[in-house]
Amino acid sequence: MARKLRMGLIGGGPGSFIGRIHRIAAELDGEARLVCGAFSSSPERSREAGEGYHLPAARAYPGYAAMIEAEKALPADERMDFAVIATPNHLHFDPARRCLENGFHVVVDKPMCFSLDEARELKAIVARSRRLLAVTYTYSGYPMVKQARALVAAGRIGAVRKIYVEYPQGWLATGLEQAGQKQADWRTDPARSGAGGAIGDIGTHAAQLAEYVSGLRIAQIDASLNTVVAGRRLDDDAAMLLRFENGASGVLFATQVAAGEENNIRIRVYGERGGVEWQQADANSLVLRMIDAPVQVLRTGSGYLDPIAAANARTPPGHPEGYLEAFANIYAAFYQALRDHERDPGIDVRDYDFPNVDDGLHGMAFVDTVVRSAQSDRKWTPFA
Ligand code: NAD
């Protein structure tokens with residue numbers, strides 16, 4: 001397939017957050033271009049957004065169902081190849097299902113669905129449709145996170161014993177939703193966000209980062225969920241103990257009421273011989289501590305890195321890479337799979353370095369387990 005891939009965008013309308021990031025990241029390496037979209041629940045705002053993206057008016061659709069039908073009817077050399085879903089959580093499953101059932105690949109933002117039941121169904125639809133689905137767990141796209149994963153996988157720090165992962169935000173420290181702020185409004189509404197508030201929104205990122213770096217699945221959780229801001233209907237603060245499948249233990253916290261905090265997601269993983277530490281606020285560095293050596297700071301773009309970290313960097317050391325590039329790295333792996341899939345529909349997505357439907361399903365199981373654990377007096381709650 002020696003051509004640019006064609007992308008449709010669902011969400012990403014005026015005033016939205018992540019759809020616009022997807023558009024930049026998906027096009028960053030010149031592998032794909034935006035050709036159509038259903039950018040808003042309002043047809044008028046979708047049209048407005050289409051103009052802003054410089055699309056022909058006919059391809060800024062009034063809704064995603066109309067978009068999928070119309071794109072399917074276009075000649076094969078014009079229609080979109082895949083759709084990106086960047087809508088609030090309750091509007092992930094239906095557009096994803098429609099895309100897959102009509103022959104389109106899907107990139108969907110996290111959490112993959114509104115509920116665990118939806119996620120299970122989506123996995124079955126992906127299998128039936130033989131289309132590809134990626135979930136944008138952004139932080140696993142960073143080169144130095146990949147370096148950490150590679151070091152752990154190579155046994156450099158020995159068997160993993162302890163994992164500490166945290167995601168502090170402060171933007172919901174006040175009742176922003178009561179003032180009608182768009183992103184706060186749906187995130188704090190159980191009918192649009194799902195069973196989890198902070199735990200679904202950012203806890204899922206932290207859990208996926210812990211599992212990606214360690215190569216281990218979380219098996220059991222002992223969680224506490226809090227709602228700190230008066231009148232809020234979902235958790236805005238979560239803390240929990242983790243037990244991993246190999247018996248390693250961990251601690252995860254995710255809070256949106258840590259006043260003054262931005263997005264410094266941070267992870268530390270310790271094994272028998274050493275540990276690795278990464279944080280988004282210093283994303284181009286990875287701290288490596290060994291039991292018998294001075295502390296080392298490994299840097300993005302350096303020649304001594306693992307090939308997977310090198311392949312996911314674009315500039316020489318010292319030129320900062322960040323969030324957009326991490327996002328673009330997920331797209332790059334997805335595009336490779338998509339092009340290979342064109343030649344061989346039997347490819348195994350586990351051979352590609354992007355979060356897939358199993359990771360999305362596991363994220364939904366994480367939210368479900370945390371909520372069940374927080375409601376129970378039992379010490380440990382296993383994944384369903
Ligand atoms: P947002 O409220 O800023 O944007 C949502 C967009 O969806 C808006 O443009 C809205 O008009 C549009 N929309 C709503 N209903 C629609 C419909 N029926 N058809 C078409 N468009 C519709 O929300 P956001 O902060 O961008 O979050 C969107 C999703 O992305 C959420 O699932 C969120 O969890 C996820 N997210 C992921 C990351 C990440 O780092 N990976 C970061 C932020 C958000």
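Everything that follows concerns the structure shown earlier in this document.
It should be emphasised that the depicted structure is a prediction, and the values quoted were computed from it without experimental measurement. (Residues numbered from 1 in each chain as written. Predicted model: local features only at pLDDT ≥ 70, side-chain atom pairs only at ≥ 80, totals over all residues. Heavy atoms only, no water.)

A.B. asks: Could you give me a rundown of the nonpolar core, with the residues and numbers involved?
C.D. replies: Met112, Leu133, Met240, Val276, Trp278 and Phe366 are the most contacted members of the largest nonpolar core, which has 81 residues in total. Each of domain 1 (5–139 + 328–356) and domain 2 (141–317 + 364–375) contributes no fewer than three residues to this core. Judged by nonpolar contacts, the second largest core, of 32 residues, contains Leu5, Tyr331, Ala333 and Phe334. (Core = buried A, V, L, I, M, F, W, Y, C linked by side-chain atoms within 4.5 Å. Buried < 20%, exposed > 50% of the residue type's maximum accessible area, 1.4 Å probe, protein only. Domains from an automatic or database assignment.)

A.B. asks: Can you tell me about the sheet that holds strand E12 (residues 285–290), naming the residues and giving the values?
C.D. replies: Taken in spatial order, the nine strands line up as E13-E12-E11-E10-E6-E9-E8-E7-E14 in an open sheet, and their pairing is mixed. Each having just a single partner strand, strand E13 (293–299) and strand E14 (381–382) make up the two edges of the open sheet. Pairing analysis gives seven bridges linking strand E8 (residues 237–244) to strand E9 (residues 249–255), with the strands arranged antiparallel. Note that in E9 the partner of Leu241 across the bridge is Val251. (Pairing = 2+ DSSP bridges. Helix = DSSP H or I, 4+ residues; strand = E, 2+ residues; numbered from the N terminus.)

A.B. asks: Lay out the pairing of E13 in plain terms, naming residues and giving numbers.
C.D. replies: Bridging between E12 and E13 involves five bridges; their strand directions are antiparallel. Bridge pairing in E13 places Leu286 opposite Leu298. Hairpin connection between E12 and E13: a loop of two residues separates the two successive antiparallel strands.

A.B. asks: Give a description of the environment of Asp377 that names residues and reports values.
C.D. replies: If you trace the backbone, Asp377 turns up in the loop between helix H12 (357–375) and E14. According to the relative accessible area criterion, Asp377 is exposed, its value standing at 83%. It is 9.4 Å that separates the C-alpha atoms of Asp377 and Asp222, two residues lying 155 residues apart in sequence.

A.B. asks: Tell me about the side chain of Thr369, and please be specific about residues and values.
C.D. replies: Relative to the helices and strands, Thr369 resides in helix H12. With relative accessibility at 0%, the residue Thr369 sits in the buried group. Other than its neighbours up to four places away in sequence, Thr369 contacts Ile221, Thr381, Pro382, Phe383 and Ala384. (Contact = heavy atoms within 4.5 Å.)

A.B. asks: Account for the sheet that holds strand E2 (residues 32–38), naming residues and giving values.
C.D. replies: An order of E2-E1-E3-E4-E5 is seen for the five strands of this open sheet, with the pairing classed as parallel. In the strand order of this sheet, the two ends are held by E2 and strand E5 (133–136), each with one partner. Going across the sheet, the axis of each strand differs from the next one's by a mean of 25°, ignoring polarity. Two elements, strand E3 (residues 82–86) and strand E4 (residues 105–109), share four bridges in a ladder whose sense is parallel. Considered in E4, the bridge of Ala83 is made with Val106. In the packing of helix H1 (residues 18–27) onto the sheet, contacts are made with strand E1 (5–11), E2, E3, E4 and E5, and the angle to E2 comes to roughly 155°. (Axes fitted to C-alpha atoms, helices over the stretch in contact; angles between N-to-C directions.)

So far we have only geometry, and geometry alone does not tell us how the molecule works.
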